[in-house]
Amino acid sequence: MKRRPPRGITGGTLSIALIAMTIVVILALVKVYLSNRIYRESRTINKLTTEVAALKEEHSILQLHVERLKYKVKIADTLFNLDDNGNEETPPGESAQ
């Protein structure tokens, strides 16, 4: 008797197909995990970048405000300390001698 070649799916073919499917599923899960991780990190980076830009703008505004106050104090001190004749003024509550 002559042996006929097997028809259909054999045990070896089935195991190779299952191993291949398992590898594909594992690779797909890894890809999905990494994609989600990258997405979350990029959202965090974008949020921090926005906060940095806002803080830099606030810093420049505060720096301008400080410069204005310094100028105002410098001018106010000279006007307060000198009267019209160029003499020093006495602070209120003290008597001039």
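Residues numbered from 1 in each chain as written. Predicted model: local features only at pLDDT ≥ 70, side-chain atom pairs only at ≥ 80, totals over all residues. Heavy atoms only, no water.

## Considerations on the overall build of the protein
Heads up, the condition is: A helix here means a DSSP run of H or I that spans at least four residues, while a strand means a run of E at least two residues long, and both kinds are numbered starting from the N terminus. Where accessible areas are quoted, they stem from the Shrake-Rupley method and a 1.4 Å probe; at the residue level, only the protein chains shown are allowed to cover.
Helix and strand counts for the protein stand at one helix and zero strands. Accessible area of the protein: about 9,800 Å², with a carbon and sulfur share of 63%.

## Considerations on the pattern of salt bridges
What counts here: Any carboxyl oxygen of Asp or Glu within 4 Å of a side-chain nitrogen of Lys or Arg constitutes a salt bridge here.
Scanning the entire structure with this criterion turns up one salt bridge. In this structure, the salt-bridge partner of K70 is E67, at a minimum N-O distance of 4.0 Å. Of this pair, K70 and E67 both sit in helix α1 (residues 11-81), three residues apart, roughly one helical turn.

## Quick look at a nonpolar patch on the surface
The following threshold applies: Residues forming no salt bridge and having over 30% relative accessible area are the ones grouped into patches, like charges within 9 Å of each other and nonpolar side chains (Val, Leu, Ile, Met, Phe, Trp, Tyr) within 5 Å.
Where nonpolar side chains cluster on the molecular surface, the patch consists of I26, V30, Y33, L34 and I38 and spans about 500 Å² of accessible area. Within the element layout of this structure, Y33 appears in helix α1.

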